[in-house]
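Listed here are the chains, written in short residue letters.
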Amino acid sequence: MSSQDIIIVLVLVIILVPAIKSTITHMKGEGACCGGPKEKPVKKKLPGKPIHKLIVHIEGMQCDNCKNRVEKHLDELDGVIAKVKLSKKIAEVSLYQDVDEELIKDTIERLDFEVVGIEMAS
């Protein structure tokens, strides 16, 4: 093996090892992907029972940080409590007052996720 080959192998190892570690962390949902630090949803409670429940189908969520971002931003809306099920790619949204579905869709899509459907929960 020539000295050039050794240098190439060393450079590849230096580049690939951190990349692989980062990918594993990301895939386990432990990384702070999505462009920022880990976000924690605010545990919000509202009095009474919800007047409507929606199922929002969302594409683009990859990890717990994605889930937490969607929950946090939806919960910031008045009269809304959200629970995201990452494995099903949905948000279960409880509405305690009338809230326009377009507002819910816009809130999620401002986070760079895609809303592919909204339906009333049964």
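Placed above this text is the structure.
Presented here is an overview of the structure given in this document.

Calculation criteria
All residue numbers refer to position in the chain's written sequence, counted from 1. Only residues with pLDDT of at least 70 get local features here, since the model is predicted, and only at 80 or more are side-chain atom pairs given and counted; chain-wide, interface and lining totals rely on the full set of residues. With hydrogens and water excluded, all non-hydrogen atoms of the structure serve as input to the side-chain values. Secondary structure follows DSSP: runs of H or I at least 4 residues long count as helices, runs of E at least 2 residues long count as strands, and numbering of each begins at the N terminus. Type-normalised accessible area, obtained with a 1.4 Å probe on protein chains alone, sets the label of each residue: buried when under 20%, exposed when over 50%, and partly exposed for intermediate values. Working rule for contacts: check all heavy atoms of both residues, and any pair within 4.5 Å makes them a contact. For the area figures, the Shrake-Rupley method with a 1.4 Å probe applies, and any residue is considered shielded solely by the protein chains shown. In this scheme, strands are said to pair when DSSP sees at least two bridges between them. Note on method: axes are straight lines fitted to C-alpha atoms, helices fitted across the in-contact stretch only, with angles between N-to-C directions ranging 0 to 180 degrees. Each nonpolar core is a collection of buried residues, namely Ala, Val, Leu, Ile, Met, Phe, Trp, Tyr and Cys, held together in the definition by side-chain atoms within 4.5 Å. Here, a salt bridge means any side-chain nitrogen of Lys or Arg that lies within 4 Å of a carboxyl oxygen of Asp or Glu. Think of the arc as the fan of directions from the helix axis to the C-beta atoms. Should an angle fall under 35 degrees it is called roughly parallel, over 145 degrees roughly antiparallel, and 65 to 115 degrees roughly perpendicular, with every other angle called oblique. Should the near helix be turned anticlockwise from the far one by less than a right angle, the crossing is left-handed, and should it be turned clockwise, the crossing is right-handed. For this scheme, ten residues count as nonpolar: Ala, Val, Leu, Ile, Met, Phe, Trp, Tyr, Cys and Pro. Four count as charged, namely Asp, Glu, Lys and Arg, and the remainder, Gly too, count as polar.

**A word on the overall build of the protein chain**
- Secondary structure assignment for the protein chain yields three helices and four strands.
- Starting at the N terminus and walking to the C terminus, you meet the elements of the protein chain as α-β-α-β-β-α-β.
- Looking at the 122 residues of the protein chain, the share that counts as buried comes to 31%.
- A separation of at least 24 residues holds for 70% of the contacts in the protein chain among residues at least 6 apart in sequence.
- Of the roughly 8,100 Å² of accessible surface on the protein chain, a fraction of 57% belongs to carbon and sulfur atoms.

**Description of the sheet that holds strand 4 (residues 114-120)**
- Taking strand neighbours across the sheet as the criterion, the four strands line up as 2-3-1-4 in an open arrangement whose pairing is antiparallel. Each edge of the open sheet is held by one strand with a lone partner, namely strand 2 (80-85) and strand 4. Averaged over all pairs of adjacent strands, the angle between their axes in this sheet comes to 25°, without regard to strand direction.
- The sheet contact formed by strand 1 (residues 52-59) and strand 3 (residues 90-95) spans six bridges and is antiparallel. Paired with His57 across the strands is Ile90, a residue of strand 3.

**With respect to the nonpolar core**
- The biggest cluster of nonpolar side chains holds 21 residues, and the ones touching the most others in it are Val70, Leu74, Val93, Ile104 and Ile108.
- Of all elements in the fold, only strand 1, helix 2 (64-75), strand 2, strand 3 and helix 3 (101-109) reach the threshold of two or more residues within this core.
- Ignoring sequence-local partners within four residues, the contact set of Leu74 consists of Val80, Ala82, Ala91, Val93, Ile104, Thr107 and Ile108.

**Digging into the pattern of salt bridges**
- With the rule as written, the count across this model stands at three salt bridges.
- Its salt-bridge partner being Lys89, residue Glu59 comes within 3.6 Å of it at the nearest N-O pair. Note that Glu59 is positioned in strand 1 and Lys89 in the loop between strand 2 and strand 3, a separation of 30 residues in sequence.
- A residue is classified by how much of its surface remains accessible, and Lys89, at 39% relative accessible area, is partly exposed.
- Between Lys85 and Glu92 there is a salt bridge, with its nearest N and O atoms 3.2 Å apart.

**Side note on the environment of Gly79**
- Structurally, Gly79 is set in the loop between helix 2 and strand 2.
- As for Gly79 and Lys44, which are separated by 35 residues in sequence, their C-alpha atoms are 10.0 Å apart.
- With sequence-adjacent residues up to four places away left out, Gly79 is seen in contact with Lys44, Leu46, Ser94, Leu95, Tyr96 and Gln97.

**A few points about helix 3**
- When we look at burial in helix 3, the residues that qualify are Ile104, Thr107 and Ile108. On an axial view of helix 3, the arc spanned by its buried residues comes to 95°, and they lie on one face.
- Contacts made by the buried residues of helix 3 are with strand 1, helix 2, strand 3 and strand 4.

**Some points on the packing of helix 2 against helix 3**
- Between helix 2 and helix 3, the least distance of the axes is 9 Å, while the angle of their chain directions is 140°. Overall, the two elements helix 2 and helix 3 adopt an arrangement that is oblique. For the pair helix 2 and helix 3, the sense of crossing is right-handed. Only Ile104, Thr107 and Ile108 of helix 3 make contact with helix 2, whose side of the interface consists of Val70, His73 and Leu74.
- Of the residues belonging to the contact of helix 2 with helix 3, the class tally is four nonpolar, two polar and no charged.

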